[in-house]
Amino acid sequence: MSRYQVRHATLKDAKAVAEVHVAAWQTAFQGVLPDAQLAAMTIDKRLAFWRDAIDMGEPQVLVATDATEAGRVVGFVAFDRSRDKGTPPTTGELWAIGALPALWSTGAGLALWDGARDALIEEGCTKVTVWLPLRNERALRFHELAGFKRELPSAKTVEMGGVKVEEIRLQRKIA
């Protein structure tokens, strides 16, 4: 049995989600985004977004808690229907997934993915996508191990805080 329990986020979890988001991004995007940009990503800036998301249910947010640490929130996943134009309503999208960097490779991400997959199936989704930076090898590897496949023609350049980043969409069937 996993040491992680996954549940729907509540407003009380918004600060913990923001903390995990900032810690995970600052670690995962080292060498992808400039250090100054990563340092400018603050918990306060992310807190408003996560409060609104949890309150409005868009995207849906699940948190992973660690049973060995009195139920402390250690990860989150945000997901909903695909935001990509032209996709059918049966296509879901992972908007974000992250865990505290000290807990990477311990099963938190897998527990979160399992929870999101189950919720998307309940919503009637048969396929799920995720957009990832090509230079984030760890995230690409995680999703590929979870059964996602790269959609090579989807590669595009997006701007993240003034920096151009190459992204690719991955997808997998879920039902």
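Use the structure listed above.
Residues numbered from 1 in each chain as written. Predicted model: local features only at pLDDT ≥ 70, side-chain atom pairs only at ≥ 80, totals over all residues. Heavy atoms only, no water.

Undergrad: Is there a simple way to explain the pattern of salt bridges in this structure?
TA: Overall, the coordinates contain 10 salt bridges when judged by the stated rule. For the salt bridge of Asp118 with Arg117, the shortest nitrogen-to-oxygen distance reads 3.6 Å. With relative accessibility at 40%, the residue Asp118 sits in the partly exposed group. With a closest N to O distance of 2.8 Å, Arg169 and Glu151 form a salt bridge. Linking Arg169 in strand S7 (residues 163-173) with Glu151 in strand S6 (residues 149-160), this pair joins segments that are 18 residues apart in sequence. Of the residues examined, Glu151 reaches a relative accessible area of 17% and is grouped as buried. Look at the salt bridges and you will find they share partners, linking Asp84, Glu151 and Arg169 into a network. (Salt bridge = Lys/Arg side-chain N within 4 Å of Asp/Glu carboxyl O. Buried < 20%, exposed > 50% of the residue type's maximum accessible area, 1.4 Å probe, protein only. Helix = DSSP H or I, 4+ residues; strand = E, 2+ residues; numbered from the N terminus.)

Undergrad: For this particular structure, what's the right way to read unusual backbone geometry?
TA: Peptide bonds are mostly trans, and most non-glycine residues show a negative phi. A cis geometry characterises the amide bond from Glu58 onward to Pro59, with omega recorded as 0°. Within the secondary structure, Pro59 sits in the loop between helix H3 (43-56) and strand S2 (60-66). Phi is positive for Ala70, close to 55°, though the residue is something other than glycine. One can find Ala70 in the loop between S2 and strand S3 (72-81). The backbone of Ser105 shows a phi angle near 70°, a positive value even though the residue is not glycine. Mapped onto the elements, Ser105 comes out in the loop between strand S4 (91-99) and helix H4 (108-122).

Undergrad: Help me understand the pairing of S3 in this model?
TA: With 8 of 10 residues buried, S3 lies mostly within the body of the structure. Looking at chain direction, S2 and S3 are connected through 7 bridges and run antiparallel. Across the sheet, the residue bridging to Leu62 is Val77, located in S3. The hairpin turn running from S2 into S3, its antiparallel successor, is 5 residues long, and Ala70 in that turn takes a positive phi close to 55°. Of the strand pairs in this sheet, S3 and S4 are connected by 7 bridges, and their pairing is antiparallel. (Pairing = 2+ DSSP bridges.)

Undergrad: Explain the side chain of Glu151 here, please?
TA: Side-chain polar atoms of Glu151 contact the side chain of Arg169, separated by 2.8 Å. With near-sequence residues (within four places) excluded, Glu151 lies in contact with Thr129, Ile168, Arg169, Leu170 and Gln171. (Polar contact = N/O pair within 3.5 Å; in protein donor to acceptor, adjacent residues only side chain to side chain. Contact = heavy atoms within 4.5 Å.)

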